[in-house]
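Residue strings, one per chain:
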Amino acid sequence: MTDPHQAATAPGTDQADLDHRAALAEALGKEVWPADRDQLVAKAQEGGGTDRVLADLRRLPAGQRFENVQKVAQALGLGTEQQRF
């Protein structure tokens, strides 16, 4: 459970991180999870992911499965928000 008195966005997270995570989410959609790097890259290509999104997804470790875009963002070193519920 998260602390409702804490900010939802992690310290050091800026608008660029949030925008980039949104671009990841838009390119990947909701149906791909859980997925590994290769599945995510393929889905982003189908979903019209930007060059930056595709390059970042290709940096993910091989053989690891990701449960959601939050886990992908964390693996990429992007700031993430607390889960509120």
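This text goes with the structure placed above it.
What counts, and at which threshold
Residues numbered from 1 in each chain as written. Predicted model: local features only at pLDDT ≥ 70, side-chain atom pairs only at ≥ 80, totals over all residues. Heavy atoms only, no water. Core = buried A, V, L, I, M, F, W, Y, C linked by side-chain atoms within 4.5 Å. Buried < 20%, exposed > 50% of the residue type's maximum accessible area, 1.4 Å probe, protein only. Helix = DSSP H or I, 4+ residues; strand = E, 2+ residues; numbered from the N terminus. Contact = heavy atoms within 4.5 Å. Salt bridge = Lys/Arg side-chain N within 4 Å of Asp/Glu carboxyl O.

## Considering the nonpolar core
For soluble globular proteins, the rule of thumb is that nonpolar side chains tend to be buried together.
Phase 1 of the analysis: Core analysis: the biggest nonpolar cluster contains 18 residues, and Leu 24, Leu 40, Ala 44, Leu 57, Leu 60 and Val 72 have the highest contact counts within it.
Phase 2 of the analysis: Listed by contribution, the elements that provide at least two residues to this core are helix 1 (15-28), helix 2 (37-46), helix 3 (51-58) and helix 4 (69-75).
Phase 3 of the analysis: If near-sequence neighbours (up to four positions away) are discounted, Leu 40 is found in contact with Leu 28, Val 32, Trp 33, Ala 35, Leu 57, Leu 60, Phe 66 and Val 72.

## Things to note about the pattern of salt bridges
Phase 1 of the analysis: Enumeration over the complete set of coordinates arrives at 3 salt bridges.
Phase 2 of the analysis: Asp 38 serves as the salt-bridge partner of Arg 37, at 3.5 Å between the closest nitrogen and oxygen.
Phase 3 of the analysis: Relative accessible area serves as the criterion here: at 21%, Arg 37 is assigned to the partly exposed category.
Phase 4 of the analysis: Salt-bridge contacts for Arg 59 lead to Asp 56; the nearest nitrogen and oxygen are separated by 3.3 Å.
Phase 5 of the analysis: The class for Asp 56 is buried, based on a relative accessible area of 11%.
Phase 6 of the analysis: By sharing partners, the salt bridges in this structure join Arg 52, Asp 56 and Arg 59 into a single network.

## Regarding the environment of Val 72
Phase 1 of the analysis: Along the chain, Val 72 falls in helix 4.
Phase 2 of the analysis: Take Val 72: its relative accessible area is 0%, and that puts it in the buried class.
Phase 3 of the analysis: Taking the C-alpha atoms as reference points, Val 72 and Arg 21, separated by 51 residues in sequence, lie 8.7 Å from one another.

Read these as layout, nothing more, since geometry by itself doesn't imply function.
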